[in-house]
Number of protein chains: 2
Amino acid sequence: MPATIRDVARASGVHISTVSRTFSAPHLVNPETRVRVLACAEELGYRPNRAARALITGRTHNIGLIIADIANPFFPPLIKAAEGQARHRDYHVFVADTNEDPAAEEELVHALAKQVDGVLLCSPRMSNALIEQVSREVPVVVINRQVTGLPCVMMDVGQGARAAIEHLLGLGHRQLALLGGPRGSWTNQQMRRAAGAAARSGGAELTVLGPNPPTETGGSALATQVRDSGVSAVLAYNDLMAIGLIEGLDHLGIRVPQDVSVVGVDDIALSRLTRPKLTTVATPTAAAGRTAVDMLLQHDSELRPRGGGRAAAVGDRRTTAQVMLQTELVIRDSTGPVPGRSRPGSVPDGPGPHRLADPGSPTVTTGGVVAS
Amino acid sequence: MPATIRDVARASGVHISTVSRTFSAPHLVNPETRVRVLACAEELGYRPNRAARALITGRTHNIGLIIADIANPFFPPLIKAAEGQARHRDYHVFVADTNEDPAAEEELVHALAKQVDGVLLCSPRMSNALIEQVSREVPVVVINRQVTGLPCVMMDVGQGARAAIEHLLGLGHRQLALLGGPRGSWTNQQMRRAAGAAARSGGAELTVLGPNPPTETGGSALATQVRDSGVSAVLAYNDLMAIGLIEGLDHLGIRVPQDVSVVGVDDIALSRLTRPKLTTVATPTAAAGRTAVDMLLQHDSELRPRGGGRAAAVGDRRTTAQVMLQTELVIRDSTGPVPGRSRPGSVPDGPGPHRLADPGSPTVTTGGVVAS
DNA sequence: GTGAAAGCGCTAACAC
DNA sequence: GTGTTAGCGCTTTCAC
């Protein structure tokens, strides 16, 4: 029963177009009329129907944000940052969670497509082909994955993984393991490649375990495999898995970092709260959220095509920038010297050129800023 | 440039109304025509514009879910459950985060109003008056708060708080503290009232600290106050605050549960991962999400009013049920006997009638199911 | 079974 | 400065 523009027009004795103008172009309407219209609108509790407005203007002032798993603490900071940035530009963000399900992902993006001006695809599990198809229906910015031809915001987990491996090498570890995350994950690929290369060039062996779900359970389930593999240090796909693994190792009577060192990725808030506090590769999630919104809204001012005209194809987009954000290794308490190689507290002989930050500085910046 | 219904009509040589029927009432169209239309639609990548459809049918098949703080791990299970339930009924859920800001809350509900068939208001911080006003614009179900005249889904934190206090009394504690959460929180009121009553009837003293933000920081900030107050047990507004408090006490050299017992509320996943594992009042968040969706979609079949007709006012709604979901005390490792009263492991003399579950059962069910 | 016409709530030329 | 007209993409009577 909400009042429509017609109700307000009737009540204030003007034509509906005047009411329309009162809201969308107030300066074009006589101050006196405006006051009267506004009063009637207020009285009737009238609110312009944004959907109807969007039908004709082509702009909803909404952004869709599609997330693989809202329960993963990695995402909330990104969501918050995106919302903040969107609000600055007078946009609202609608979040949808896909439960790591590619089918749900596709469905949701279609459901959102016409109700938003663009969609942020965060850690998508869809195929590249599907992402490209979808991007023909609605402007898209991809986060946490590289898709050629589309604007992407990535975090340099490759560099992060390398820094983590070098940190472990510096502590004397030579038998390493990598806990793999979800199979479709771009991040997973990057980490695997970089960690493998870093281990090789340090003369170490890297065992890949998994893939497993990127959760605590996924991590703890790999505890026995870690034990049996005989490695002394582990790099996990993310903090959740790292924490799960530590938990699982604990059950097996294996202590971290005395017996095994563990490194996570993401630096979620939780990683500071567990015992031991987690050594991890911090990813700039907030920056990613902000950047993605900016990229999506870059052409804010350009009107969407109307009527018979055809829209600009993806290829026509002025900029399909791909941004790589840097990561940072945060050294806490879950990593230590390889057991039986040196006394606690002493500095183990490093692996040659791989030198770490001096003990006074708790963090090491890795990675670089890239754009194109 | 997405194809419209007209493009499909042109391509398949039928009138647009036939295309429309092909999608919204396929049985009314000749199978052959249907196949042809569908083929053309597929070819052109046509998708019905849900916003335009909603304009005339009055139903978007979307639900809005407004959340106070998406970073609070309390919410994701609720969101997931709501999404699952909605999907069963062929609805999509759009989540919006308000950052605990009442103004943002109001703005978002208006932004969503016309793009969804109803809104779930989760732990709203708005005034009751505002909630009622909003409910005149769009169907609303309130979660975690009681608003007379509106459908509500609540969790019986009052019972939970009472069970927690009785548990502590049973362990011999007589000097208790309650960490208060956000001022506008309904949950906060319920807890305070119930905890106060339970303490009183057990002959114990209850100090109320706070209110503070419902976060780890909010909890750890109260550590010195807890120490100075001389209490031996604390009930926190939620798990996050409890965990923060434990962390803060740790810094002060106060051990949990040896020196001070701590109980949280919510039973977030994290509460099983910290050391000590947290004793907490488990809230049925998933059930709340499911129930709220069901209540919102109860009148699924009833069409929204159209044309000149007036909609049913809120008062006309057949059922404005208010559901109270029961909570459960989960006893883990953050609570123990009052220091200096009994040997560890021995059963302290209870506070009379307050008897707890036998040691073999880790959980105690509290609260009751209520409806109206 | 299909087409024609009206209209959901709104904006955007174009007159006046 | 304001009213008129057309139409966004779609559904839904109502004829035929």
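Because the structure is a prediction, the values reported are computed rather than measured. (Residues numbered from 1 in each chain as written. Chains lettered and ligands numbered in written order. Predicted model: local features only at pLDDT ≥ 70, side-chain atom pairs only at ≥ 80, totals over all residues. Heavy atoms only, no water.)

K.L.:
In this structure, what is going on with the overall build of chain A? I would like to understand it.
P.N.:
When its secondary structure is counted, chain A shows 13 helices and 13 strands. Evaluated residue by residue, chain A yields a buried proportion of 53% over its 372 residues. Long-range pairs, those at least 24 residues apart, make up 72% of the contacts in chain A between residues at least 6 apart in sequence. Accessible surface, chain A: about 15700 Å² in total, of which carbon and sulfur atoms supply 51%. (Helix = DSSP H or I, 4+ residues; strand = E, 2+ residues; numbered from the N terminus. Buried < 20%, exposed > 50% of the residue type's maximum accessible area, 1.4 Å probe, protein only. Contact = heavy atoms within 4.5 Å. Areas by Shrake-Rupley, 256 points an atom, 1.4 Å probe, with all protein chains shown as cover.)

K.L.:
Can you help me understand the pattern of salt bridges in this one?
P.N.:
Evaluated as defined, the whole model comprises 26 salt bridges over all chains. The partner of B:Lys277 in a salt bridge is A:Glu247, with the nearest N and O atoms 3.7 Å apart. Separated into two different chains, B:Lys277 in the loop between strand S9 (261-266) and strand S10 (279-282) and A:Glu247 in helix H12 (residues 239-251) make up a pair that spans both. Given a relative accessible area of 25%, B:Lys277 falls into the partly exposed group. Between B:Arg10 and B:Asp7 there is a salt bridge whose closest N-O contact spans 3.5 Å. Residue B:Arg10 and its partner B:Asp7 are located together in helix H1 (residues 5-12), separated by three residues, close to a single helical turn. (Salt bridge = Lys/Arg side-chain N within 4 Å of Asp/Glu carboxyl O.)

K.L.:
Just to check I follow, could you spell out the nonpolar core for this structure?
P.N.:
Nonpolar side chains tend to gather and get buried jointly when the protein is soluble and globular. Ranked by size, the top nonpolar core spans 149 residues in total, and within it A:Leu235, B:Leu65 and B:Leu235 carry the most contacts. Those residues in contact with A:Leu235 that lie beyond four places of it in its chain are A:Ala161, A:Ala164, A:Ile165, A:Ala177, A:Leu178, A:Leu179, A:Met191, A:Ala195, A:Val263, A:Gly264 and A:Val265. Core analysis: the next-biggest nonpolar cluster, separate from the first, contains 44 residues, A:Ile66, A:Leu112, A:Ala113 and A:Met126 among them. (Core = buried A, V, L, I, M, F, W, Y, C linked by side-chain atoms within 4.5 Å.)

K.L.:
Sorry if this is basic, but what is going on with the protein's contact with DNA strand D here?
P.N.:
Residues in close proximity to DNA strand D total 27 residues, the closest being A:His15, A:Thr18, A:Thr33, B:Ile5 and B:Arg53. Counting only atoms of DNA strand D within 4 Å of the protein, the fraction found in sugar and phosphate groups is 61%. At 2.9 Å from a phosphate oxygen of DNA strand D is found a main-chain nitrogen or oxygen belonging to A:Asn30. Separating a phosphate oxygen of DNA strand D from a side-chain N or O atom of B:Tyr46 is a distance of 2.9 Å. Going through the elements one at a time, helix H2 (16-24) and helix H4 (50-57) of chain A together with H1, helix H2 (16-24) and helix H4 (50-57) of chain B are the ones with two or more residues in the surface near DNA strand D. If you tally residues by element for the surface near DNA strand D, the top one is H4(B), at five residues. In terms of residue class, the surface near DNA strand D is built from 12 nonpolar, 10 polar and five charged. (Near = heavy atom within 4 Å. Polar contact = N/O pair within 3.5 Å; in protein donor to acceptor, adjacent residues only side chain to side chain. Nonpolar A, V, L, I, M, F, W, Y, C, P; charged D, E, K, R; others polar.)

K.L.:
Got a minute to help me understand the pairing of strand S7 (residues 205-209) of chain B in this structure?
P.N.:
Consecutive side chains of a regular strand alternate in pointing toward one face of the sheet and then the other. Residue and element names in this part refer to chain B. Here strand S6 (residues 175-179) runs beside S7; their pairing, made up of five bridges, is parallel. Counterpart to Leu178 in the pairing with S7 is Val208. In the classification by handedness, the crossover that spans S6, the intervening helix H9 (residues 186-201) and the parallel S7 is right-handed. (Pairing = 2+ DSSP bridges. Right-handed = clockwise from strand over helix to strand, strands pointing away.)

K.L.:
I keep staring at the relation of the copies chain A and chain B and nothing clicks. Help me out?
P.N.:
Note that the two copies of the chain are related through a rotation about an axis and a translation along the same axis. Placing chain A over chain B gives an RMSD of 0.1 Å and needs a rotation angle of 180°, together with 0.0 Å of translation along the axis. Here the copies are linked by what is in effect a two-fold axis. Distance from the rotation axis, computed per C-alpha, reaches its smallest value in chain A at A:Val95: 2.4 Å. When the interface residues of chain A are mapped onto chain B, 98% of them again lie at the interface, so the same face is used by both copies. (Least-squares fit on C-alpha atoms with pLDDT ≥ 70 in both.)

K.L.:
Help me understand unusual backbone geometry in this model?
P.N.:
Of all residues except glycine, most have a negative phi; of all peptide bonds, most are trans. With an omega of 10°, the peptide bond between A:Val256 and A:Pro257 qualifies as cis. With respect to the helices, strands and loops of the structure, A:Pro257 is situated in the loop between H12 and strand S9 (261-266). Residue B:Pro276 follows B:Arg275 across a cis peptide bond; omega there is -10°. Position of B:Pro276 relative to the elements: it lies in the loop between S9 and S10. Of note, A:Glu100 is a non-glycine position whose phi angle comes to about 60°, a positive value. Mapped onto the fold, A:Glu100 is located in the loop between strand S2 (92-97) and helix H6 (102-113). In this structure, A:Ser123 is a non-glycine residue whose phi angle is positive, near 50°. Take A:Ser123: its relative accessible area is 7%, and that puts it in the buried class.

K.L.:
Quick question: what am I supposed to make of the protein's contact with DNA strand C here?
P.N.:
Contacts to DNA strand C come from 27 residues, most closely from A:Ile5, A:Ser20, A:Arg53, B:Thr18 and B:Thr33. For DNA strand C, the fraction of atoms within 4 Å of the protein that belong to sugar or phosphate moieties is 63%. One nitrogen or oxygen atom from the side chain of A:Arg53 is found 2.5 Å from a phosphate oxygen belonging to DNA strand C. Within the backbone of B:Asn30, a nitrogen or oxygen atom sits 2.8 Å from a phosphate oxygen of DNA strand C.

K.L.:
What is the right way to read H2(A) from this model?
P.N.:
Because each turn of an α-helix spans 3.6 residues, side chains separated by three or four positions end up pointing in the same direction. All names here are of chain A. Buried within H2 we find Thr18, Val19 and Thr22. Taken down its axis, H2 places every buried residue within 100° of arc, on the same side. Looking at the buried positions of H2, the neighbouring elements they touch are helix H1 (5-12) and helix H3 (31-44). (Arc of directions from axis to C-beta.)

K.L.:
Which parts of the structure should I look at to understand the packing of helix H8 (residues 157-170) of chain A against helix H9 (residues 186-201) of chain A?
P.N.:
All names here are of chain A. Closest axis-to-axis distance for the H8/H9 pair is 8 Å, and the angle between their directions is 35°. In the packing of H8 onto H9, the handedness of the crossing is right-handed. In this structure, H8 contributes Val157, Gly158, Ala161, Arg162, Ile165 and Leu169 to the contact, and H9 contributes Thr187, Gln190, Met191, Ala194, Ala195, Ala198 and Ala199. Classifying every residue of the contact of H8 with H9 gives nine nonpolar, three polar and one charged. (Axes fitted to C-alpha atoms, helices over the stretch in contact; angles between N-to-C directions. Left-handed = near helix turned anticlockwise from the far one by under 90°.)

K.L.:
What should I look at first to understand the packing of aromatic side chains in this one?
P.N.:
Geometrically, a pair of aromatic rings is defined through the distance of the ring centres and the angle of the planes. Overall, the coordinates contain five aromatic pairs over all chains when judged by the stated rule. Between A:Phe94 and B:Phe94, the ring centres sit 5.7 Å apart and the planes meet at 5°, which makes this aromatic pair stacked. Placement of A:Phe94 in strand S2 and of B:Phe94 in strand S2 (residues 92-97) is noted, with the two residues assigned to different chains. Accessibility expressed as a relative area gives 0% for A:Phe94, which makes it buried. A centroid spacing of 5.0 Å and a plane angle of 75° characterise the contact between B:Phe74 and B:Phe75, whose relative ring orientation is edge-to-face. Considered together, B:Phe74 and B:Phe75 belong to a single accessibility category, that of buried residues. (Phe/Tyr/Trp six-rings, centres within 6.5 Å; stacked < 30°, edge-to-face > 60°.)

K.L.:
Help me understand the confidence of the model for chain A, please; the structure alone is not making it clear to me.
P.N.:
Low-pLDDT portions of the prediction should not be read for the details of their coordinates. Residues and elements named next belong to chain A. Summarising the model, chain A shows a mean pLDDT of 87, and 85% of its residues fall at 70 or more. Of the regions scoring below 50 in pLDDT, residues 303-318 engages in 18 contacts with residues more than four places distant in sequence or in other chains. Within the model, the stretch residues 342-372 combines pLDDT values under 50 with 57 contacts to residues more than four positions away or in other chains. (pLDDT = per-residue confidence, 0-100.)

K.L.:
How should I be thinking about the interface of chain A and chain B in this particular structure?
P.N.:
Often, the extent of an interface is quoted as the loss of accessible area upon association of its parts. On the side of chain B, 46 residues touch chain A, which itself brings 47 residues to the contact. Taken over both partners, the interface formed by chain A and chain B buries close to 4800 Å², and the fraction arising from carbon and sulfur atoms is 56%. The tally of links between chain A and chain B comes to 10 salt bridges. Remark: the boundary between chain A and chain B carries 17 residue pairs in polar contact (both at pLDDT 80 or more). When residues of the side of chain A that touches chain B are traced back to their parent elements, those giving at least two are H4, helix H5 (75-88), S2, H6, helix H7 (128-137) and H12 of chain A. Per element, the largest residue contribution to the side of chain A that touches chain B is seven residues, and it comes from H6(A). (Buried area = accessible area lost by both parts, 1.4 Å probe.)

K.L.:
Hey, could you run me through empty space enclosed by the protein in this one?
P.N.:
Residue and element names in this part refer to chain A. For the coordinates displayed, the defined rule picks out 10 cavities of 30 Å³ or more. Taken as a whole, the largest cavity encloses approximately 230 Å³ of empty space. Around the largest cavity, the lining is made up of 21 residues, and of these Phe74, Ser123, Asn144, Thr187 and Tyr237 lie nearest the centre. Elements that contribute at least two residues to the lining of the largest cavity include exactly H9 and S9. (1 Å grid on protein atoms, 1.4 Å probe; cavity = no way out; pocket = protein on both sides within 12 Å on 5 of 7 lines; lining within 4 Å. Points joined across faces, edges and corners; volume = space filled by probe spheres on them.)

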